[in-house]
Amino acid sequence: MSAPGRLLTQRIDALPAGALWVGFSGGLDSTVLLHALAQLPQARARGLTALHVDHGSSALSAQWAAHCREVAARLGVGFHTQRPVIEQVQALGLEAAWRRARHAVFIERLPSPGVLALAQHRDDQVETLLLRLLHGAGSEGLAGMRALRPLRAGESARWLWRPLLELPRAALEDYARAHGLRWVEDPSNADPRHARSRLRAAVLPALRAAFPDADARIADAAARLEAESRVLDTAARELLDAALDARDRSLACAPLRAAPAPLVRRAFGHWLDALGLPRPPPGVWAVLGEDLLDARPDASPELHWAGARVRRHRDRLHAGPDAAAPVPEPTPWNGLQPLPWVGRSLAFEPPLRAPRAFLVRTRAGGETLALRGRHRSVKKLLQEAGLPPWERASLPLLFDESGALCAIGARWISDAFALELRALGARLAFDPR
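Quick summary incoming for the structure in this document. What you are looking at is a predicted structure, and each value in this text was computed from that prediction instead of being measured.

**What about the overall build of the protein chain?**
And step 1. A count of helical and extended segments in the protein chain gives 17 helices and 21 strands.
And step 2. Across its three principal directions, the C-alpha atoms of the protein chain cover 80 × 50 × 40 Å.
And step 3. Scored against the burial criterion, the 433 residues of the protein chain give a buried share of 45%.
And step 4. Within the structure as shown, the protein chain displays about 21900 Å² of accessible surface, and the carbon and sulfur contribution to it stands at 55%.
And step 5. On the protein chain, the mean spot of the 57 positive side-chain charges and the mean spot of the 46 negative ones are 2 Å from each other.

**Focus: the nonpolar core**
And step 1. In terms of nonpolar packing, the biggest core is built from 36 residues, with Ile12, Leu20, Leu33, Leu34, Leu37, Leu48 and Trp161 touching the most fellow members.
And step 2. Of all the secondary structure elements, the ones that give two or more residues to this core are helix H1 (3–11), strand S1 (19–23), helix H2 (28–38), helix H4 (61–75), strand S4 (114–117), strand S6 (158–161) and helix H9 (169–178).
And step 3. Counting residues per element, this core draws most heavily on H2, which supplies seven residues.
And step 4. Residues within four places of Leu33 in sequence aside, it is in contact with Leu8, Val22, Ala117, Leu118, Ala119, Pro163 and Leu164.

**Some points on the pairing of strand S15 (residues 358–361)**
And step 1. With three bridges joining them, strand S12 (residues 331–333) and S15 adopt antiparallel strand pairing. By the bridge assignment for S15, Thr331 is matched with Val360.
And step 2. Strand direction decides the pairing type here: S15 and strand S18 (residues 397–399), joined by three bridges, are antiparallel. Following the sheet pairing, Arg361 is matched in S18 by Leu397.

What counts and how
- Residues numbered from 1 in each chain as written.
- Predicted model: local features only at pLDDT ≥ 70, side-chain atom pairs only at ≥ 80, totals over all residues.
- Heavy atoms only, no water.
- Helix = DSSP H or I, 4+ residues; strand = E, 2+ residues; numbered from the N terminus.
- Buried < 20%, exposed > 50% of the residue type's maximum accessible area, 1.4 Å probe, protein only.
- Areas by Shrake-Rupley, 256 points an atom, 1.4 Å probe, with all protein chains shown as cover.
- Lys, Arg positive; Asp, Glu negative; His and termini not counted.
- Charge placed at Lys NZ, Arg CZ, Asp CG, Glu CD.
- Core = buried A, V, L, I, M, F, W, Y, C linked by side-chain atoms within 4.5 Å.
- Contact = heavy atoms within 4.5 Å.
- Pairing = 2+ DSSP bridges.

Put into structure tokens, the structure is as follows:
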């Protein structure tokens, strides 16, 4: 049996449950992976399907997509293709923007539960480690690509699987020749404008000539770093749990200040992942403690980078998108469907059985809420709760048809409306979408 076949046979039965898809570009690597999986009854039993992401980056893109469709048809496996929306090219760089766009397609298309197999091999792992080292990555980045990880942070039903990381590209080339496979060649892989292409063309050949076992040594180092990284991960998640307020997903600064900087950086990264925000570039990591945690007590410091902004308020850290969302206009709402509101959603659970005439708007000033037998100033409630100013400005206020204030988000409910909800067997929720 071939090396790819042996590896896949050994690993496939230990995968999480769900559909099995393959990220299929039509290149050598993914062609070998799809072909080898198609030989396994276990893979076909999981609905083996090829997913082609058409970046539209070449005049040949349509031909490549057609080739991928033909290969999938010959193998008798399912096939899907999609062209992603590529954004933030200037801020992220073309390669990073493509990676993010591909990942967005994976998230959109992969069934749940499901596993998406990707064809990265040992050569790719070596290139990734060297590039991350050159970009100043820490131990987490230098642990390299993991063979199995959640598709996105906090998700347990969908996974990315890289089963070929132990194999050099030469083993995939041997497999392709032995089975007479055809694949497409993307000229951008040799484009010197891309850092990976320059590394592949100029640096790695010299490194391998000087140190013939360089790839194996680097891959072994990555494996050791991954084992150590898992230990640090456990401690970082414990720190994150100690600092996190689940209601607003902010972090208390005191536990972070008391912890070692490497642990804080790891916990901070996991926090951003869970919020769906990009991690900061190396220059921001370097000033995280000084600019955010150690600033004077009465300061309100903030850091921002492409796609994210972190602010400190009352000794807690709050994170969100870099660009502030516009404050919505007053919006009529019947309560039957969730109402999108500044990245979150206001909804009744379960939905109301009959429509109501609500109005949802932000504060105008002077509002009061009947709470525990007396009227409380909305302004004072928000101040006492320690809500940051930017959140107070966009918090939804729910008014009924008589103009009475029923609720502030889902955190404060008027006495009368609380009784009404109890009678209906419903609750008001204001959650991330």
